[in-house]
Amino acid sequence: MKNLITRALTGIIFVAVLVGAIYFHSYYFLAVFGLITGLSLWEFYGLVKHYENADIKRFVSSLGGAYLFAATFGYANGLVGGNIFLPYLLFLMYTMITELYDKASNPINNWALTLFGQIYCAGSFSLLNFITSVPNTPGEIVHIPYFALAIFVFVWVNDTGAYLVGSMLGKRRLFERISPKKSWEGFYGGLAFVLITSQIFAWFMPATNWYTWLGLAGTIVVFGTWGDLIESLMKRTLGVKDSGHVLPGHGGMLDRFDSVMMAIPAAYIYIELFIRN
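Described below are features of the structure shown in this document. (Residues numbered from 1 in each chain as written. Predicted model: local features only at pLDDT ≥ 70, side-chain atom pairs only at ≥ 80, totals over all residues. Heavy atoms only, no water.)

### Let's talk about the overall build of the protein chain
The secondary structure content of the protein chain amounts to 9 helices and 2 strands. Listed by position from the N terminus, the elements making up the protein chain come as α-α-α-α-α-α-β-β-α-α-α. Against the 2.2 N^0.38 benchmark of 19 Å for 277 residues, the protein chain shows a C-alpha radius of gyration of 19 Å, consistent with a compact globule. Along the longest, intermediate and shortest principal axes, the C-alpha atoms of the protein chain span 55 × 50 × 35 Å. The 277 residues of the protein chain split such that 47% are buried. Across the protein chain, every contact between residues at least 6 apart in sequence was considered, and the portion connecting residues at least 24 apart equals 68%. In the form shown here, the protein chain has an accessible surface area of approximately 14,300 Å², with 69% of it arising from carbon and sulfur atoms. Side chains of the protein chain carry 17 positive and 15 negative charges; the gap between the two charge centres is 8 Å. (Helix = DSSP H or I, 4+ residues; strand = E, 2+ residues; numbered from the N terminus. Rg over C-alpha atoms; globule rule 2.2 N^0.38 Å. Buried < 20%, exposed > 50% of the residue type's maximum accessible area, 1.4 Å probe, protein only. Contact = heavy atoms within 4.5 Å. Areas by Shrake-Rupley, 256 points an atom, 1.4 Å probe, with all protein chains shown as cover. Lys, Arg positive; Asp, Glu negative; His and termini not counted. Charge placed at Lys NZ, Arg CZ, Asp CG, Glu CD.)

### Points about the pattern of salt bridges
The tally for this structure, following the rule as stated, stands at 7 salt bridges. Residue Asp 102 pairs with Lys 57 through a salt bridge whose shortest N-O separation is 2.4 Å. Remark: Lys 57 occurs in helix α3 (residues 54-76) and Asp 102 occurs in helix α4 (residues 86-102); sequence separation between them is 45 residues. Residue classification places Asp 102 among the partly exposed residues on the basis of a relative accessible area of 25%. Its relative accessible area of 7% is what places Lys 57 among the buried residues. (Salt bridge = Lys/Arg side-chain N within 4 Å of Asp/Glu carboxyl O.)

### Observations concerning the layout of surface pockets
For the largest pocket, the calculated volume is near 1,700 Å³. Taken together, 42 residues form the lining of the largest pocket, with Arg 7, Tyr 163, Lys 182, Asp 228 and Arg 256 sitting closest to its centre. Listed by contribution, the elements that provide at least two residues to the lining of the largest pocket are α1 (2-23), α6 (146-169), β2 (179-183), α7 (184-204), α8 (210-238) and α9 (253-275). A per-element tally of the lining of the largest pocket places α6 first, with 10 residues. (1 Å grid on protein atoms, 1.4 Å probe; cavity = no way out; pocket = protein on both sides within 12 Å on 5 of 7 lines; lining within 4 Å. Points joined across faces, edges and corners; volume = space filled by probe spheres on them.)

### Focus: the environment of Gly 34
By the element assignment, Gly 34 lies in helix α2 (residues 26-48). What makes Gly 34 buried here is its relative accessible area of 13%. In sequence terms Gly 34 and Phe 73 are 39 residues apart; their C-alpha atoms lie 9.4 Å from each other.

### Things to note about the packing of helix α5 (residues 107-132) against α9
One way to put it is that α5 packs onto α9 with a least axis distance of 9 Å and a crossing angle of 50°. If you check the angle between α5 and α9, you find them oblique. The handedness of the crossing between α5 and α9 comes out as left-handed. Here α5 contributes Tyr 120, Cys 121, Ser 124, Phe 125, Leu 127, Leu 128, Phe 130 and Ile 131 to the contact with α9, which in turn contributes Leu 254, Phe 257, Asp 258, Val 260, Met 261, Ile 264, Pro 265, Tyr 268 and Ile 271. (Axes fitted to C-alpha atoms, helices over the stretch in contact; angles between N-to-C directions. Parallel < 35°, antiparallel > 145°, perpendicular 65-115°, else oblique. Left-handed = near helix turned anticlockwise from the far one by under 90°.)

### Section: the side chain of Thr 37
Of note, Thr 37 is situated in helix α2. Residues in contact with Thr 37, not counting those within four places in the same chain, are Gly 65, Ala 66, Phe 69, Ala 122 and Phe 125.

### Here's the deal with the packing of aromatic side chains
What describes a pair of aromatic rings is the distance from one ring centre to the other and the angle between the planes of the rings. Throughout the structure, instances matching the rule amount to 29 aromatic pairs. Taking 5.5 Å as the distance between ring centres and 55° as the angle between the ring planes, the aromatic pair formed by Phe 14 and Phe 257 counts as tilted. Of this pair, Phe 14 sits in helix α1 while Phe 257 sits in helix α9, and the two are 243 residues apart along the sequence. Residue classification places Phe 14 among the buried residues on the basis of a relative accessible area of 15%. Taking the relative accessible area as the measure of exposure, Phe 257 reaches 1% and is therefore buried. On the numbers, 5.5 Å between centres and 85° between planes, the contact of Tyr 23 with Phe 24 is edge-to-face. Overall, Tyr 23 belongs to the partly exposed group, its relative accessible area being 39%. (Phe/Tyr/Trp six-rings, centres within 6.5 Å; stacked < 30°, edge-to-face > 60°.)

### Some words on the packing of α7 against α8
As a packed pair, α7 and α8 sit with axes 8 Å apart at the nearest point and diverge in direction by 145°. The handedness of the crossing between α7 and α8 is right-handed. For the pair α7 and α8, contact is made by Phe 187, Leu 191, Val 194, Leu 195, Ser 198, Gln 199, Phe 201 and Ala 202 and by Trp 210, Trp 213, Leu 214, Ala 217, Gly 218, Val 221, Val 222 and Thr 225, respectively. Residue composition of the contact of α7 with α8, by class: 12 nonpolar, 4 polar and no charged. (Nonpolar A, V, L, I, M, F, W, Y, C, P; charged D, E, K, R; others polar.)

### Overview of α5
Taking 1.5 Å of rise per residue, 26 residues should cover 38 Å, and α5 covers 37 Å from first to last C-alpha, within 8% of that figure. When the local axis directions of α5 are compared, the greatest deviation, roughly 35°, occurs at Gly 123. (Expected span 1.5 Å × (residues − 1). Bend = angle between axes of the 7 residues up to and from the residue.)

Have a look at this one:
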């Protein structure tokens with residue numbers, strides 16, 4: 001019972017913070033998701049345990065990813081020019097050069113995992129800035145929260161719908177090698193819930209037509225499911241149950257954002273091709 005209460009309270013706070021960050025103020029969005037990016041990278045680098053001189057490199061790499069998110073925020077909003085990315089390029093160069101001096105047993109592994117973490121975590125979250133921001137007058141932020149909010153809501157609804165339907169009707173395994181509990185029935189159940197939810201967004205935001213919302217919903221469900229499976233494959237490979245323990249009752253940052261980190265780039269591509277064009 002205590003664990004259930006802890007999980008519920010954590011979930012409520014988690015949702016409130018994220019919805020507030022997306023919806024209410026662009027600088028709150030910057031602060032919250034910049035922190036999420038850094039914490040996700042810190043957790044990822046701790047999970048893969050590839051650094052032989054661990055703490056300082058882990059910190060610098062996590063800070064580098066958080067900087068990429070902040071730099072992308074400024075660039076996407078037209079507050080700064082492309083030079084804002086120069087320090088990040090220096091960080092990437094630092095990542096390559098330091099292996100010359102560390103005498104690590106497998107420098108290629110270090111390079112690969114460092115850069116993978118940057119793409120997987122920092123790259124994905126940074127794309128949120130292009131979803132929420134439309135450059136207008138230089139120095140003026142135009143923050144559009146609806147599509148980013150939809151990504152998170154659709155992922156949450158999909159998780160809930162897939163769990164409910166899969167628990168009651170699940171028989172055919174979706175991807176048994178990686179996630180034995182997931183079923184095709186759960187997948188289609190989650191998809192149905194999300195398609196219905198997308199029409200609520202269409203009702204309140206009629207500037208984007210209803211069938212375009214259906215397409216966005218379907219895209220997020222498919223790629224969000226793949227994102228969940230990718231993190232499951234990573235945890236299975238590393239022999240861990242949870243990616244971390246930063247969120248009581250919910251595991252780690254990667255456990256909470258695994259679906260989102262694959263859904264964000266897919267949603268961005270869809271939005272650019274079918275909504276903003």
